[in-house]
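# Results of the structural survey
One letter stands for each residue in the lines below.
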Amino acid sequence: MKTKTRRFLAFQLASLLAVAGFAQSTPEERGLEIAREADARDTGFGDSVAELEMVLQNRHGESSNREMKMKTLEVSGDGDKTLIHFDRPRDVKGTAFLSFTHRVGPDDQWLYLPALSRVKRISSNNKSGPFVGSEFAYEDLSSQEVEKYTYRYIRDEVYEGQDCFVVERYPVDPKSGYTRQVVWFDKQEYRSLKIDFYDRKDALLKTLVFLDYQQYLNRYWRADRMEMVNHQTGKRTDLIWKNYVFGNGFTERDFDQRSLRNTR
Amino acid sequence: MWRAGLALALAPFAAQAAEWSGYIAGEGRIFEDRPLHAGQDSDPSGALLFEPEFFHEWEKPELLFEFSPFLRLDSQDEERELFDIRELSLLWVNGNWETRIGISKVFWGVAESQHLVDTINQTDLAANPDGEDKLGQPMVHFVYVSDFGDFGLFLLPGFRERAFPGVEGRLRGSLAVDTDNPIYESSGEDERLDLALRWKHYIGDVDIGLHYFRGTNREPGLVLQSGDGGTPVLRPYYELMDQVGLDLQLTKGGWLWKLEAIARDSASDRYSAMVGGFEYTLYALGGSALDLGLLGEVHLDSRGRSAPVPFNRDVFVGGRLTWNDEADTSLIAGAFVDADNGSTNVRLEFERRLGRFYKLEVELQKPLGIEEEDPLYPLRRDSYLQMTLSRYW
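Below, the structure is looked at part by part. The residue numbering used here restarts from 1 in each chain and proceeds along that chain's sequence as written. Numbering of ligands from 1 and lettering of chains from A proceed in the order in which they are written. Predicted model: local features are reported for residues with pLDDT of at least 70 only, side-chain atom pairs are reported and counted for 80 or more only, and whole-chain, interface and lining totals are derived from all residues. Each side-chain value is worked out from all heavy atoms of the structure, with water and hydrogens disregarded.

### Re the environment of D124(B)
Residue and element names in this part refer to chain B. Each helix is a run of DSSP H or I of at least 4 residues and each strand a run of E of at least 2, with the numbering of both proceeding from the N terminus. Locating D124 in the fold gives a position in the loop between β5 (97–104) and β6 (137–146). Classification of D124 by relative accessible area gives buried; the value is 0%. Between the C-alpha atoms of D124 and L82, which are 42 residues apart in sequence, the distance is 9.6 Å. Sequence-distant contacts of D124, defined by excluding residues within four places in its chain, comprise R72, L82, R86, D133, K134, L135 and A163. Relative accessibility under 20% of the residue-type maximum defines a buried residue, over 50% an exposed one, and the middle range a partly exposed one, all with a 1.4 Å probe and only protein chains included. We call two residues in contact whenever any of their non-hydrogen atoms come within 4.5 Å of each other.

Shown next, in the form of structure tokens:
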């Protein structure tokens, strides 16, 4: 009887401590914790390839499409390597973009221009610029390393019927186009469901929503659809991801300057 | 005729859902002034360009087949008419080894205003005076990829002659080059086997390349001779040469610092030349989506004023505007200024996609105050506007 009470008390005490522990961690620590957990849950995917259709729409509702293939290689201890081959529109077919993201410091980027068979190293200072005329900036599409932001947990909120953490993150790089981003992570799987982007004047610039999440290798979640709306211009860009394949056995050789030309 | 043959030859591939793409384009050129040289046509000229591309990839073994013929018909200058195989090659990637066999195109270099170290492929000077159009080169190309960079060996059987504008064409010297009667130093003429070595690497912010080339100089000397009936003709003279070269780029923030240098040795000449400069990009100009790239490059040639090339002691200043819009609109404009005599040549290139399948390109070249001693003097009246509309598929 005694032991039972003691055990019960001990349990109560532990849960109290846990609650107290949460209460004691600052919103900054809490935000970082959530970002680390989200990152940890996506670690170990190895590599992936997917087809991507980009639908660019202006405020009059006129749209144009781009199609590309995106390969990703997870690099342990650093940012991912990404290789993008363009297929449509046809005049840019064969153009390719290679990016080595780094946790700290500027990324390395190369562009392949098929008309001249030329590989050109380009500046990665363009991170806040639009990626191929879309509403996605380079920094929105590059791999989201924990170290690229500082964090602050804001509140819990139900978004689209899912319990979420709402976390603000502040880009470390002064070249970023944003003062802050507000991210809705679902508590179940730590997936980003929505991001609000605030421009350098701290005005709401864009909102990105992630739709139709699918799970791969019984672990990694990828949204089939990403919709970015620019509130200031009325333009939008939808990304439609198709044919995700994981575990391709890619190596660094599939992500070097030669591979810009060698595959499509 | 050849097109029908092509379709037949490639029919088995098509069944495997292989990929065809390409473009057909109409090009028109208008010159501001009447021509300067005898025989030149003063009317606007038109050209039709056709370049289909076939591509197929296999995964195991890792093979890549590319085929890209090119056809150009011209309303004015028969020397501008060309059928070329730009690409007909098979690439085999085997781990760290790559082998490419066939006709292909290779680009070396980092500079924008001149491609000094870009040696392998012959320039199609009839196509455009900017020298960016190249002819397909037969090659066997081995590459070994290592942690110390990519080591390449080129065996280049078969030499391609440079294409020059003909008698009726503009953008030439006072005499048209007699491309039917080239002179070769090598007894093998255009069947000599040329050789090149290439090393390419990147370390952090630095991209570096070195090369050695031994073979027939792609850039001919021009020899004045009297032809039939004593009329003077200009014959291209293709000399043998040894060349070493360097290309280097430092990428720091918004700055690209660039350097290309070569040293050439041949029976008639021994010299070195370089082009170096920067490209600085101002992103999101005035809060818009526009980027403005500022370009500055310096051209030097150890032969100084006596160099038989336009880029002996010249400066290039220019800018590149990129709209970052859905039509991929861009404008590049610049001026080549001779530091010795002030002769200036202004060039402008604009492009924009129209709808999903069309692209419009506008090009303008205007020589300003070309001095008599400048190699561009014979082209001083060849200010032109060119418009190209391409349909891609």
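### Considerations on a negative patch on the surface
Patch definition: residues above 30% relative accessible area lacking any salt bridge, with like charges linked at up to 9 Å and the nonpolar side chains Val, Leu, Ile, Met, Phe, Trp and Tyr linked at up to 5 Å. For the area figures, the Shrake-Rupley method with a 1.4 Å probe applies, and any residue is considered shielded solely by the protein chains shown. A side-chain nitrogen of Lys or Arg and a carboxyl oxygen of Asp or Glu constitute a salt bridge if their distance falls within 4 Å. Charge counting treats Lys and Arg as positive and Asp and Glu as negative, with His and both chain ends excluded. Think of each charge as sitting on NZ of Lys, CZ of Arg, CG of Asp or CD of Glu. Together, E78(B), E81(B), E168(B) and D180(B) give the surface a local cluster of negative charge. With respect to the helices and strands, E168(B) occurs in the loop between β7 (149–157) and β8 (183–184).

### Structural notes on the packing of aromatic side chains
Aromatic rings from Phe, Tyr and Trp, with only the six-membered ring used for Trp, were paired whenever their centres fell within 6.5 Å, and each pair was classed as stacked if the ring planes differed by under 30 degrees, edge-to-face if by over 60, and tilted otherwise. With the rule as written, the count across this model stands at 37 aromatic pairs over all chains. Consider the rings of W241(A) and Y244(A), whose centres lie 5.8 Å apart with planes at 20°: the pair is stacked. Accessibility assignment for this pair places W241(A) and Y244(A) in one class, buried. Ring plane angle 65° and centroid distance 4.8 Å describe the contact between F159(B) and Y238(B), whose orientation is recorded as edge-to-face.

### Comments concerning the pairing of strand β20 (residues 358–368) of chain B
Residues and elements named next belong to chain B. Two strands pair if DSSP finds at least two bridges between them. Pairing of strand β19 (residues 344–354) with β20 involves eleven bridges; the strand directions are antiparallel. Residue L354 lies in a different strand from β20, and its bridge partner there is Y358. Adjacent in sequence and paired antiparallel, β19 and β20 are bridged by three residues, among which G355 carries a positive phi angle near 65°.

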